[in-house]
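One-letter residues, chain by chain:
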Amino acid sequence: MNHIRNLTLGLALGASMGSAHAFINITYDYRFDTTGFFTDERKATLEQAAQAFESRIFDDLTAIVSTPGGNGINANAFNTQISNLSVAAGELVIFVGATPHVSSEGRNTSVPVAGQMAGFNGLTSTSDQTINSPYMVNARERGQTGWPDSDVSTWGGQIQFDSTKSWYADTDASTVESFAGQYDLYSATLKGLLSVFGADQNNDGWANKLSGQGAFNGAKAKAEYNVVNSRGILQAIPTDDDAGNLRMRPGIQGKLADGTLQTLVFSSGLAMGERRYMTELDYAMLDDMGWDVSGFTEMPVTPPVPEPQAWLLLAAGLGLIAHRARARSTLS
Ligand SMILES: [Ca+2]
Ligand SMILES: [Ca+2]
């Protein structure tokens, strides 16, 4: 029966390998960190912020393969061209660095972090310049066929942190300590990631979800927000005009997984000493933008795990094969 056990193990391994692309994978690229800003503790903090996205988003992003001398994409980050960037299936590459006096999210609510989604303008093919060639279509859409109106795609982008600020690095972001007088690197990274994932002027899908009144109009976000007017109609989430409509109004709250209320990561601003986690409303807005977020879009059943009955049938079939093999060997 050993071979059956081996076969079962093989099937299990094959099944788990099949799921390797079911989730996205964020890769930070530190080549622009020329001052050693990102210590091991800070890198660990960034990884935990990535986990908040990787654990919920399951889009099947195709790979972008760059071949020197052939087709390739030239990425732009930190005002530098990166030639022939290759991006694995499911991967988003995010260049991170620290520079003095970074500011984003408007005049009155500046935060010491700025993220940018990689725009399609940042992609140029080195040999195939045809805008609608299969190579270029894949590079900008990554299999997200509704792009850009009803879906979203990117190879990644960049996040800049303000090197002049005092930062709190947290190697265990699940616990909140007191860090008065410091900015929380975990919360700031979440904000930067939201920009990379599409709360950015480079993303047409964001503009498509804004109603004329400066409010985010996505259906799942409205249901999660669950604020109704006097006629019982679900209301859009008001944006912060000061933040160029890329952030929600300060103080808007969403639920954490345990039901407690917290200001959205999407709400503009971040105070010193303040920790924010991704709320369900933050996730709902990502889903409305075109990301497949568990809890808001039903996950496909991949890999197909055999039902118990199927295992019984498989075992019975193998038993039959073994029986026949024995029968043959006695005949010969
Ligand atoms: Ca902690
Ligand atoms: Ca998608």
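All values derive from a computational prediction rather than experimental measurement.

Asker: Sorry if this is basic, but what is going on with the coordination of the calcium ion (ligand 1) here?
Answerer: Protein-derived ligands of the calcium ion (ligand 1) are Asp170 (OD), Asp170 (OD), Asp172 (O), Thr175 (O), Thr175 (OG1), Glu177 (OE) and Glu177 (OE), with the metal-ligand distances lying across 2.3 to 2.6 Å. Within one chain, the residues serving as donors to the calcium ion (ligand 1) are arranged as D-x1-D-x2-T-x1-E. Given a relative accessible area of 34%, Asp172 falls into the partly exposed group.

Asker: What exactly am I supposed to notice about the pattern of salt bridges here?
Answerer: Pairing of side chains with opposite charge becomes possible as their charged atoms draw close. Inspection of every chain in the model, using the stated rule, returns 10 salt bridges. With its nearest N and O atoms 2.8 Å apart, the salt bridge here joins Arg247 to Glu105. Linking Arg247 in the loop between β11 (237–238) and β12 (253–255) with Glu105 in the loop between β4 (91–99) and β5 (113–117), this pair joins segments that are 142 residues apart in sequence. Taking relative accessible area as the criterion, Arg247 reaches 4% and is therefore assigned buried. In this structure, Lys220 engages Asp287 in a salt bridge whose closest nitrogen and oxygen atoms are separated by 3.1 Å.

Asker: Before we go on, may I ask you to explain the coordination of the calcium ion (ligand 2) in this structure?
Answerer: Expected angles at a metal are 109.5 degrees for tetrahedral coordination by four donors and either 90 or 180 degrees for octahedral coordination by six donors. Note on the calcium ion (ligand 2): its protein donors are Asp59 (OD), Gln144 (OE1), Asp151 (OD), Asp151 (OD) and Gly290 (O). The metal-donor distances range over 2.3 to 3.1 Å. Here the donor residues of the calcium ion (ligand 2) share one chain and are spaced in sequence as D-x84-Q-x6-D-x138-G. On the criterion of sequence distance, the pair formed by Asp59 in the loop between α2 (40–54) and β2 (73–77) and Asp151 in the loop between α3 (134–141) and β6 (156–162) is long-range, its members being 92 residues apart. Note on accessibility: Asp59 and Asp151 belong to one class, buried.

Asker: Would you mind going over the sheet that holds strand β1 (residues 25–29) with me for this structure?
Answerer: By definition, the strands of a sheet pair up through backbone hydrogen bonds, in either a parallel or an antiparallel sense. Within the open sheet, the 4 strands sit side by side as β1-β4-β6-β5. Their pairing is mixed. Each edge of the open sheet is held by one strand with a lone partner, namely β1 and β5. Taken over all neighbouring pairs, the strand axes of this sheet differ in orientation by 20° on average, direction set aside. With 5 bridges connecting them, β5 and β6 associate as antiparallel partners. Residue pairing in the sheet places Gly115 in a bridge with Ile159 of β6.

Asker: Explain the nonpolar core here, please?
Answerer: The tendency in soluble globular proteins is for nonpolar side chains to be buried side by side. Core analysis: the biggest nonpolar cluster contains 60 residues, and Phe53, Phe161, Phe197, Trp206, Leu286 and Trp291 have the highest contact counts within it. The set of elements that each furnish at least two residues to this core consists of β1, α2, β4, β5, β6, α4 (185–196), α6 (219–225) and α7 (280–289).

Asker: I would appreciate a short explanation of the sheet that holds strand β9 (residues 210–211) in the present structure.
Answerer: Strand order in this open sheet of 3 strands is β9-β10-β11, and the pairing throughout is antiparallel. In this open sheet, the two strands that pair with only one neighbour each are β9 and β11. Examined bridge by bridge, β9 and strand β10 (residues 215–216) share 2 bridges and lie antiparallel to one another. Bridged to Ser211 within β10 is Ala215.

About the thresholds
- Every chain is numbered on its own, with residues counted from 1 as its sequence reads.
- Think of it this way: whatever chain is written first is A, whatever ligand is written first is 1, and the rest follow in order.
- Local features in a predicted model are, by the rule used here, given only for residues with pLDDT of at least 70; side-chain atom pairs are given and counted only at 80 or more, and totals for whole chains, interfaces and linings are based on all residues.
- With hydrogens and water stripped out, all remaining heavy atoms of the structure feed into the side-chain values.
- Any N, O or S atom lying within 2.8 Å of the metal counts as a donor, and for Na, K and Ca the limit rises to 3.2 Å; water is left out, so some sites can look incomplete.
- Three exposure classes are used, based on accessible area relative to the maximum for each residue type with a 1.4 Å probe and protein chains only: buried under 20%, partly exposed in between, and exposed over 50%.
- The working definition used for a salt bridge is a side-chain nitrogen of Lys or Arg within 4 Å of a carboxyl oxygen of Asp or Glu.
- Numbering of helices and strands runs from the N terminus; a helix is a DSSP stretch of H or I covering at least four residues, while a strand is a stretch of E covering at least two.
- Being paired, for any two strands, means DSSP has found at least two bridges between them.
- Inter-axis angles, ranging from 0 to 180 degrees, are taken between N-to-C directions of lines fitted to C-alpha atoms, where helices are fitted over the stretch in contact.
- In these notes, a set of buried Ala, Val, Leu, Ile, Met, Phe, Trp, Tyr and Cys residues joined through side-chain atoms within 4.5 Å is what counts as a nonpolar core.

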